[in-house]
Amino acid sequence: MKLFLKRNDTDDSVSFTVYDESANPRYNISISTDAIRQKMLMEDPAGTVVSEITHSEIVLSYFTIRCGGRMYALTPHIKEYFYFTIFGSSLRFAGNIETGRFSLYDVDKSPVMTQKKCWGKFGSGYELKIYKSAQELFAISCAICADVYMSVLNEDPVFSDLC
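These figures come from a predicted structure and were not determined experimentally. (Residues numbered from 1 in each chain as written. Predicted model: local features only at pLDDT ≥ 70, side-chain atom pairs only at ≥ 80, totals over all residues. Heavy atoms only, no water.)

A. Examining the overall build of the protein chain more closely. Counting its secondary structure elements, the protein chain contains two helices and 12 strands. Moving toward the C terminus, one meets the helices and strands of the protein chain in the order β-β-β-β-β-β-β-β-β-β-β-β-α-α. Split into buried and exposed, the 163 residues of the protein chain put 42% on the buried side. The long-range fraction of contacts in the protein chain, counting pairs at least 24 apart against all pairs at least 6 apart in sequence, stands at 33%. With the model as given, the accessible surface of the protein chain reaches about 8,600 Å², and the carbon-plus-sulfur share is 50%. (Helix = DSSP H or I, 4+ residues; strand = E, 2+ residues; numbered from the N terminus. Buried < 20%, exposed > 50% of the residue type's maximum accessible area, 1.4 Å probe, protein only. Contact = heavy atoms within 4.5 Å. Areas by Shrake-Rupley, 256 points an atom, 1.4 Å probe, with all protein chains shown as cover.)

Encoded structure:
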């Protein structure tokens, strides 16, 4: 299934919307910031919170994701490429988060999600192809973490290759 992740920047807030292929909003993500962390809530159209993401920078920068009754942690790393290490899941990153193109793979090397930059009826954003619907909420949460982290570094991977 294809979904589209669009960042919504206004003067006083940042949020995201996830659309399906028919341009219907599937999830809305709101962001609140306090002195030590950012908290993101992903809600379905009925207003039910389906995922909670927290970005903290205490000793190091990391994300926690709570969805589907589980908790995960993501820590950023740079080797040849920029990626996240995921704790609490058998999923692994492949690709480069900095360019906006990456994939999530399961332990058996089957794809769970791929992300790439796109332009379309939603404006600029990301196309997410979800291969395993059971992992949909976690995969979308990872994509949000990647965009938030890159924006914290004052990088915007959606526009960096286009200018």
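B. The arrangement of the pattern of salt bridges in detail. Going through the model one piece at a time under the given rule, you end up with eight salt bridges. Residue Lys2 pairs with Glu127 through a salt bridge whose shortest N-O separation is 3.9 Å. With Lys2 in strand β1 (residues 2–9) and Glu127 in strand β12 (residues 123–130), the pair connects residues that are 125 residues apart, well separated along the chain. Relative accessible area serves as the criterion here: at 30%, Lys2 is assigned to the partly exposed category. The exposure class of Glu127 is buried, given its relative accessible area of 13%. Residue Asp34 pairs with Arg37 through a salt bridge whose shortest N-O separation is 3.8 Å. Look at Asp34 and you get partly exposed, because its relative accessible area is 39%. Residue classification places Arg37 among the partly exposed residues on the basis of a relative accessible area of 36%. Taken together, the shared-partner salt bridges connect Lys2, Lys116 and Glu127 into one network. (Salt bridge = Lys/Arg side-chain N within 4 Å of Asp/Glu carboxyl O.)

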